[in-house]
Amino acid sequence: MFGGAFDPPHRAHRTLAETALSQLDLDVLHIFPTGQAWHKSRSLTSAEHRLAMCELAFGDLPRTRIDRREIQRDGPSYTADTLRELSVEYPGAELFLVLGADQLLAFKRWVRWSEVLELATLAVANRAAEIGADALREHALEADLSSVDLPFRRLEMPLQNISATAVRAHVGQPVDRSNSLSLLVPEAVASYISLHHLYQEPS
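Residues numbered from 1 in each chain as written. Predicted model: local features only at pLDDT ≥ 70, side-chain atom pairs only at ≥ 80, totals over all residues. Heavy atoms only, no water.

Chemist: So, the layout of surface pockets: which residues are in play, and what are the values?
Modeler: Of the volumes computed, that of the second largest pocket is approximately 280 Å³. Class assignment of the residues belonging to the lining of the second largest pocket gives a composition of 11 nonpolar, one polar and three charged. (1 Å grid on protein atoms, 1.4 Å probe; cavity = no way out; pocket = protein on both sides within 12 Å on 5 of 7 lines; lining within 4 Å. Points joined across faces, edges and corners; volume = space filled by probe spheres on them. Nonpolar A, V, L, I, M, F, W, Y, C, P; charged D, E, K, R; others polar.)

Chemist: Could you give an account of unusual backbone geometry, naming the residues involved and the relevant values?
Modeler: With an omega of 5 degrees, the peptide bond running from Asp7 to Pro8 counts as cis. Residues other than glycine seldom take positive phi values, yet Asp25 does so here, at roughly 50 degrees. The backbone of Arg63 shows a phi angle near 60 degrees, a positive value even though the residue is not glycine. Within the secondary structure, Arg63 is located in the loop between helix H2 (47–58) and strand E3 (64–66). According to the relative accessible area criterion, Arg63 is partly exposed, its value standing at 39%. (Helix = DSSP H or I, 4+ residues; strand = E, 2+ residues; numbered from the N terminus. Buried < 20%, exposed > 50% of the residue type's maximum accessible area, 1.4 Å probe, protein only.)

Chemist: Residues and numbers for the pairing of strand E4 (residues 96–100), please.
Modeler: With five of five residues buried, E4 is to be regarded as a mostly interior element. Neither face of E4 is exposed, since Phe96, Val98 and Gly100 on one face and Leu97 and Leu99 on the opposite face are all buried. By the bridge criterion, five bridges tie E4 to strand E5 (residues 121–125) in an arrangement that is parallel. Note on E5: the bridge partner recorded for Val98 is Ala123. (Pairing = 2+ DSSP bridges.)

Chemist: I'd like a rundown of the pattern of salt bridges, residues and numbers included.
Modeler: Within this structure, the stated rule accounts for 12 salt bridges. The residue Arg69 makes a salt bridge to Glu89 at a minimum N-O spacing of 2.6 Å. Residue Arg69 is found in helix H3 (residues 69–72), and its partner Glu89 is found in helix H4 (residues 79–89); the two are separated by 20 residues along the sequence. Of the residues examined, Arg69 reaches a relative accessible area of 16% and is grouped as buried. If you follow the salt bridges from partner to partner, you end up with Asp67, Arg69, Arg73, Glu85 and Glu89 in one network. (Salt bridge = Lys/Arg side-chain N within 4 Å of Asp/Glu carboxyl O.)

The structure is reproduced here in structure tokens:
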């Protein structure tokens with residue numbers, strides 16, 4: 001399971017999906033755009049747009065399914081509920097929850113986090129310690145996970161300091177910078193953002 005707002009899905013998301021498929025030897029990776037995000041203060045871009053961008057970002061990856069259930073679910077999206085459903089659909093299967101280091105550091109603030117641990121193994125990719133609006137700048141330092149007292153499996157992938165926040169901030173920049181949007185998101189996603197005039201207002 002790989003969930004997120006995907007607002008928008010960017011190149012680090014794509015790399016993480018590829019890494020999880022390879023290193024965990026997954027039979028299938030369900031990608032879940034979040035429905036009603038209980039933990040975000042800002043409003044998300046419409047589910048229709050985020051779903052379409054996920055199809056463009058991940059749709060060509062083998063053994064990958066873009067799963068609509070969290071978008072279609074009434075009320076807030078909780079990972080524990082989704083994992084419970086997957087455990088019924090795949091009886092006896094080993095389930096993994098794919099996430100980044102920033103999410104691991106905040107994991108104990110998740111709703112029913114202990115239930116999530118009972119249902120799935122956390123598969124975590126580290127990321128740069130600093131992730132800001134200037135997402136093209138490289139950072140050598142990893143996020144410090146030494147204080148994490150939770151079991152998890154580490155995914156080895158190159159550090160990337162791209163964030164959806166940085167992408168949204170980047171879109172409204174002058175033309176000489178906005179041309180580099182395809183460095184941050186897959187080219188098809190960059191074209192979709194441009195076509196639908198997404199992220200024109202700061203968020």
